[in-house]
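Here is what each chain is made of, one letter per residue.
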Amino acid sequence: MCGRFTLTADVGAVQAAFSWAAPAPEAMFAGPRYNIAPTQTVCAVVSDGSNQLVQLKWGLVPAWSKASQILPPLINARAETVAEKPSFRSAFRHRRCLILADGWFEWQVQPNGKPKQPHWVGLHSRHVFAMAGLWEKWGPPGETELRTCTIITCEASAVLAPLHARMPVILAPESYADWLRPQPGDAQALRALLRPFDAEPFDVRPVSTIVNNARIDSDECVRPLDPIAQAGGQ
DNA sequence: CCAGACGTTGTT
DNA sequence: GTCTGG
DNA sequence: CCAGACGTTGTT
DNA sequence: GTCTGG
């Protein structure tokens, strides 16, 4: 699945990589980010006909929700059901987005009830990539309006399956325009985009459990675990 | 996703 | 155990 | 037509 | 917002 991720590239590099999207005034985010957690602000591209680089809060709140709080955290949406679920179907038709990242974390269940081992997963190229997401507005328009999002997941590819059964949907650049188009579009065609990414190889590395604590946002979260110490620990 | 909190009442 | 916070 | 429901995923 | 039930 995807319950934590990274965007370690600096603001300039992100804006350069997505220069076809106009940075919104509030789009300045404090990068680099080594441990982005639910409820925090993420960097995203949305479109109302023109593409915009914006900030959204991670954890989708349906527009019809009576209160913005008191909710289970809608941080992920299954590709298999996203078109039908009441919480997502409206956003799936009208408010698809790209959520920018350069890696994410998976917690691998260990045998014998040992603590889960976190892993960082990124592209071997280290490029920033785009996860398929949905977003919503909640509350009266204006300063207080809440803008939230969720990350779509699919079955894990063969390489990642040993870590976890699910992975975030990563879109190839060729698909960005089709995914972002604000019109409802062809549900079948959109659904076809939501599959395990295999266009580029992944780099997977075990990392320190320091990443478990969402308050810690340091490069130690992505530093490769010392192989010797790791072997000694087994 | 994981970490951490969660202590009660009555009285001022 | 369950809920909230990050 | 209106009323009322619907909130998610992943884990064990 | 959208779907189902009456």
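For the structure itself, consult the block above.
Computed from a predicted structure; not experimentally measured.

Looking at the pattern of salt bridges
Counted under the stated rule, the structure contains nine salt bridges. Here Arg 33 makes a salt bridge to Asp 217, at a shortest N to O gap of 2.9 Å. With Arg 33 in strand β3 (residues 33-36) and Asp 217 in the loop between β14 (202-206) and α5 (227-232), this residue pair connects regions lying 184 residues apart in the sequence. Judged by its relative accessible area of 34%, Asp 217 is partly exposed. Residue Arg 95 pairs with Glu 136 through a salt bridge whose shortest N-O separation is 2.8 Å. In this pair, Arg 95 sits in the loop between α2 (89-94) and β7 (96-101) while Glu 136 sits in strand β10 (residues 129-138), placing the two residues 41 residues apart along the sequence. Take Glu 136: its relative accessible area is 4%, and that puts it in the buried class. Among the charged side chains, a network of salt bridges with common partners joins Arg 78, Glu 80 and Arg 166.

What about the protein's contact with DNA strand B?
Near DNA strand B, the surroundings consist of Met 1, Gly 3, Arg 4, Pro 38, Ile 75, Trp 107, Lys 116, Asn 212 and Asn 213. Taking all atoms of DNA strand B within 4 Å of the protein, the share assigned to sugar and phosphate is 69%. Between Arg 4 and DNA strand B, the recorded distance is 2.8 Å, taken from a side-chain N or O atom to a base oxygen. One of the side-chain N or O atoms of Asn 212 is found 3.1 Å from a phosphate oxygen in DNA strand B. Grouping the amino acids of the surface near DNA strand B by side-chain chemistry returns four nonpolar, three polar and two charged.

Focus on the pairing of strand β5 (residues 51-58)
Relative to β5, strand β2 (residues 22-23) is paired through two bridges, and the arrangement is parallel. Considered in β5, the bridge of Ala 22 is made with Gln 52. Sheet analysis places strand β4 (residues 41-47) next to β5, joined by seven bridges and oriented antiparallel. Bridge pairing in β5 places Cys 43 opposite Gln 55. Where β4 folds back onto β5 in an antiparallel hairpin, the turn is made up of three residues, including Gly 49, whose phi is positive at roughly 120°. Where β5 and strand β11 (residues 146-155) come together, two bridges link them in parallel fashion. Each residue of the ladder has a partner; that of Trp 58, found in β11, is Cys 149.

As for the protein's contact with DNA strand D
In the vicinity of DNA strand D lie 21 residues, with Ser 65, Leu 71, Arg 78, Ser 87 and His 164 positioned nearest. Put simply, 61% of the atoms of DNA strand D that lie within 4 Å of the protein are in sugar or phosphate. Between DNA strand D and Thr 81 there is a distance of 3.5 Å, counted from a phosphate oxygen to a side-chain nitrogen or oxygen. A breakdown of the residues in the surface near DNA strand D according to their chemical character gives 12 nonpolar, six polar and three charged.

Reading the values: rules and limits
- Residues numbered from 1 in each chain as written.
- Chains lettered and ligands numbered in written order.
- Predicted model: local features only at pLDDT ≥ 70, side-chain atom pairs only at ≥ 80, totals over all residues.
- Heavy atoms only, no water.
- Salt bridge = Lys/Arg side-chain N within 4 Å of Asp/Glu carboxyl O.
- Helix = DSSP H or I, 4+ residues; strand = E, 2+ residues; numbered from the N terminus.
- Buried < 20%, exposed > 50% of the residue type's maximum accessible area, 1.4 Å probe, protein only.
- Near = heavy atom within 4 Å.
- Polar contact = N/O pair within 3.5 Å; in protein donor to acceptor, adjacent residues only side chain to side chain.
- Nonpolar A, V, L, I, M, F, W, Y, C, P; charged D, E, K, R; others polar.
- Pairing = 2+ DSSP bridges.

Keep in mind that these numbers describe shape and distance, not what the molecule does.
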